[in-house]
Amino acid sequence: MADQARQQPTADSGAAFVTPRLAEFLVRSRWDDLPDWLRHEAKRALLNFFGTSLGGCRDAATERATTVLARFSGRPEASVVGRSERLDMLSAAFVNAVSGNVFDFDDTHHPTIIHPTAPIGPALFALAETRKVSGADLLHAFVLGVEVECRLGNAVSPGHYKRGWHITSTCGVFGAAAAVAKILGLTTEQTVWALGNASAQSAGLVETLGSMAKSIGVGNAARGGILAALLAETGFTGPAEPIAGPRGFTPVMGDNADLNAITGRLGETWELASNTYKPYPCGVVLNPVIDACFELRDKVAPRRDEIAEILVEGHPLLRERADRPNVVTGREAQVSAQHSVAVVLIHNAAGVVEYSDAYVNSADVLALRSKVRVAEVPDISVDGARVTVRFADGSTETATVANARGSLARPLTDAEIEAKLRQLARYGCPELDPSPLIDAVWGLDRASDAGAVMALTRPAR
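Residues numbered from 1 in each chain as written. Predicted model: local features only at pLDDT ≥ 70, side-chain atom pairs only at ≥ 80, totals over all residues. Heavy atoms only, no water.

Participant: Whenever I open this one, the confidence of the model for the protein confuses me. Can you help?
Facilitator: Atom-level detail of predicted coordinates should not be read off regions where pLDDT is low. Residues with a pLDDT of 70 or more make up 96% of the protein, whose mean pLDDT is 94. This model gives residues 1-14 a pLDDT under 50, and the stretch forms 9 contacts once residues within four places in sequence are excluded. (pLDDT = per-residue confidence, 0-100. Contact = heavy atoms within 4.5 Å.)

Shown next, in the form of structure tokens:
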């Protein structure tokens, strides 16, 4: 009894009942509550995810994760995107989260830099292959999972990321747990337990960026979310206030967390409205830098041998995340401003191939990136950048981008997201015809069996 009393949040704690309020919202939410634009945005996010997952399905990290997990897999009940293997539900969710995020080409929630879909989409589709789930129910659960994940991110940002927590992983496990709890039809109490079970698994470090280890956190977020909800379904209990309790997620992993960001205006505002889709496979802070380099390329290319220095100016986050001149692998290059500048000015492209090991270590790229310097300009937004090329004779060429392609101000169109999926399928799974998959995602709200979509992600042979 004393232990139970100690776990209960008190009314004057300043953090009372955040998790129960959130859980009650999840339980009460109905598909009819979602506006049409939100339903459509959910489809865009999932379509973008299938593209990035097909592109990454044969990356070395995905290959190795699949090989290891296959040794311990249970029933072959769930599909691995772009591959012939089938694994148990938890393992398939892990691998699909890895492939969807491995190129850092997936969607990005603008306020927090969370990649919302990689932890949640794989969890839901793996579950949908083991029990029948309608497309509308899956889309609804997906929207709610993103809402939980990103509201938690809003509450602890920016201090959480600055401390070194990989926010996609740490918040993603809560989103996956919330989404799966909705599909399972858990009660409010069980949903609190699911979120508590998720809190016990919240982990991931920024230090892992640029290495395969980053993918472990993202894969675990998808896997752990399913596990958290399934355990709660059986009566596996958690704390009464795992999010805002004295030693809960927000006080332990955030600085002066804004709890109103979690529960304020629930059901009135939606975090998918702040979701964006990348045109380039790299850290989102690099998008405006790449846009600026494309603007400069025709002017600079004929004088490339005369370049003395390239100055990249941007938001402090650009320097913090992407000032990495000495990368040696394609994975590291995904968060390198120096590499991004060099490949665009030399090759006039910034696709998956340009972020491969071969391009990172080519002599011309190495030579040019040594001339790139990154500087902070606080009054430039995270969506903007300025690139100045100075030549040996003192002349300069400058390009300024206020809002990058793919940002909220310049979002990718539906057609561009479709084209992105087709391009990535050709790269990662060329034997797959992506047209049926694209049609199925756009029609998901009318589908009686959401799990059937996964068959369309597997190659014919």
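Additional details are given in the paragraphs that follow.
Participant: When you look at unusual backbone geometry in this model, what are you seeing that I'm missing?
Facilitator: Most of the time, phi is negative for any residue but glycine, and the peptide bond is trans. Between Ser-157 and Pro-158 the backbone carries a cis peptide bond, its omega angle lying at 0 degrees. Within the chain, Asn-256 stands out as a residue other than glycine whose phi angle is a positive 50 degrees. By the secondary structure assignment, Asn-256 is in the loop between helix H12 (249-253) and helix H13 (260-263). Since its relative accessible area comes to 79%, Asn-256 is described here as exposed. With a phi close to 55 degrees, Arg-265 is a non-glycine residue in the positive phi region. Position of Arg-265 relative to the elements: it lies in the loop between H13 and strand E4 (275-276). The exposed category is assigned to Arg-265, whose relative accessible area is 53%. (Helix = DSSP H or I, 4+ residues; strand = E, 2+ residues; numbered from the N terminus. Buried < 20%, exposed > 50% of the residue type's maximum accessible area, 1.4 Å probe, protein only.)

Participant: Where do I start with the side chain of Glu-149 in this structure?
Facilitator: Within the secondary structure layout, Glu-149 lies in helix H7 (residues 135-156). Buried and unpaired, Glu-149 has Arg-151 as its nearest opposite-charge partner, separated by 11 Å. Other than its neighbours up to four places away in sequence, Glu-149 contacts Ile-114, His-115, Pro-116, Pro-119, Ile-120, Thr-168, Cys-171, Gly-172 and Gly-175. (Lys, Arg positive; Asp, Glu negative; His and termini not counted. Salt bridge = Lys/Arg side-chain N within 4 Å of Asp/Glu carboxyl O.)

Participant: Whenever I open this one, the environment of Arg-28 confuses me. Can you help?
Facilitator: Along the polypeptide, Arg-28 turns up in helix H2 (residues 18-28). Separated by 160 residues in the primary sequence, Arg-28 and Thr-188 have C-alpha atoms spaced 8.9 Å apart.

Participant: I tried to follow the sheet that holds strand E5 (residues 307-314) on my own but got confused; where do I start?
Facilitator: Two orientations exist for strands paired in a sheet by backbone hydrogen bonds: parallel and antiparallel. One open sheet accounts for 4 strands, arranged E6-E5-E7-E8; its pairing is mixed. Two strands close off the open sheet at either side, each with one partner strand: strand E6 (372-376) and strand E8 (396-401). Strand after strand, the sheet turns through a mean of 15 degrees between neighbouring axes, direction not considered. Strand direction decides the pairing type here: E5 and strand E7 (residues 385-391), joined by 7 bridges, are antiparallel. Across the sheet, residue Gly-314 finds its bridge partner in E7, namely Ala-385. Each of E5, E7 and E8 touches helix H14 (residues 287-300); the most contacted strand, E8, lies at about 145 degrees to it. The strands touched by helix H17 (residues 337-347) are E5 and E6; relative to E6, the strand with the most contacts, the crossing angle is about 125 degrees. (Pairing = 2+ DSSP bridges. Axes fitted to C-alpha atoms, helices over the stretch in contact; angles between N-to-C directions.)

Participant: Looking at this structure, how should I read the environment of Asn-326?
Facilitator: With respect to the helices, strands and loops of the structure, Asn-326 is situated in the loop between helix H15 (316-322) and helix H16 (330-333). Taking the C-alpha atoms as reference points, Asn-326 and Leu-366, separated by 40 residues in sequence, lie 8.9 Å from one another.

Participant: Is there a simple way to think about the pairing of E8 in this case?
Facilitator: Consecutive side chains along a regular strand alternate between the two faces of the sheet. Pairing geometry for E7 and E8, over 6 bridges, is antiparallel. Within E8, the residue paired with Ala-385 across the bridge is Val-401. From the end of E7 to the start of E8, which pair antiparallel, there are 4 residues, and Gly-394 there has a positive phi angle of about 95 degrees.

Participant: Would you mind going over the side chain of Asp-88 with me for this structure?
Facilitator: On the secondary structure map, Asp-88 appears in the loop between strand E2 (86-87) and helix H5 (89-101). Of note is the side chain of Asp-88, whose polar atom sits 3.1 Å from the backbone nitrogen of Gly-74. For Asp-88, the side chain forms a polar contact with the side chain of Ser-91, separated by 2.8 Å. In contact with Asp-88, other than residues within four places in its own chain, are Ser-73, Gly-74, Arg-75, Pro-76, Glu-77 and Ala-78. (Polar contact = N/O pair within 3.5 Å; in protein donor to acceptor, adjacent residues only side chain to side chain.)

Participant: Quick question: what am I supposed to make of the nonpolar core here?
Facilitator: Within soluble globular proteins, side chains that are nonpolar generally end up buried alongside one another. Residues Phe-50, Leu-124, Leu-138, Phe-142 and Phe-174 are the most contacted members of the largest nonpolar core, which totals 110 residues. When residues in this core are grouped by element, the largest group, 13 residues, is from H7. Those residues in contact with Leu-138 that sit more than four places away from it in its chain are Leu-46, Leu-124, Phe-125, Ala-128, Val-133, Ile-183, Leu-444 and Ala-450. If you look at the next biggest cluster of nonpolar residues, it comprises 41 residues, including Ile-113, Cys-282, Tyr-355 and Val-374. (Core = buried A, V, L, I, M, F, W, Y, C linked by side-chain atoms within 4.5 Å.)

Participant: Where do I start with the packing of aromatic side chains in this structure?
Facilitator: One pair of aromatic rings is described through two measures. These are the centre distance and the angle between the planes. Counted according to the given criterion, the structure contains 6 aromatic pairs. Measuring from centroid to centroid gives 5.3 Å for Phe-49 and Phe-50, while their planes differ by 55 degrees, and the two rings are tilted. In this structure, Phe-49 and Phe-50 share a single accessibility class: buried. For the ring pair Phe-103 and Tyr-427, a centre distance of 6.1 Å and an interplane angle of 70 degrees mean the geometry is edge-to-face. Taken together, the residues Phe-103 in the loop between H5 and strand E3 (108-109) and Tyr-427 in helix H20 (residues 414-428) connect sequence positions 324 residues apart. A relative accessible area of 10% means that Phe-103 is categorised as buried. In this structure, Arg-303 is placed above the aromatic ring of Phe-391, and the distance from its NZ or CZ to the ring centre is 3.8 Å. Seen from the ring of Phe-105, Lys-420 lies directly overhead, with NZ or CZ sitting 4.1 Å from the centre. (Phe/Tyr/Trp six-rings, centres within 6.5 Å; stacked < 30°, edge-to-face > 60°. Lys NZ or Arg CZ within 6 Å of the ring centre and 35° of its normal.)

Participant: In this structure, what is going on with the packing of helix H6 (residues 117-128) against H7? I would like to understand it.
Facilitator: When two helices pack together, you describe them by how their axes are tilted relative to each other and by the distance separating the axes. For the pair H6 and H7, interaxial distance at closest approach is 10 Å and the crossing angle is 150 degrees. Judged by the angle between their axes, H6 and H7 are roughly antiparallel. The way H6 lies across H7 gives a crossing that is right-handed. Across the interface between the two elements, Thr-117, Pro-119, Ile-120, Gly-121, Leu-124, Phe-125 and Ala-128 of H6 pack against Leu-138, Ala-141, Phe-142, Gly-145, Val-146 and Glu-149 of H7. Its residues assigned to classes, the contact of H6 with H7 shows 9 nonpolar, 3 polar and 1 charged. (Parallel < 35°, antiparallel > 145°, perpendicular 65-115°, else oblique. Left-handed = near helix turned anticlockwise from the far one by under 90°. Nonpolar A, V, L, I, M, F, W, Y, C, P; charged D, E, K, R; others polar.)

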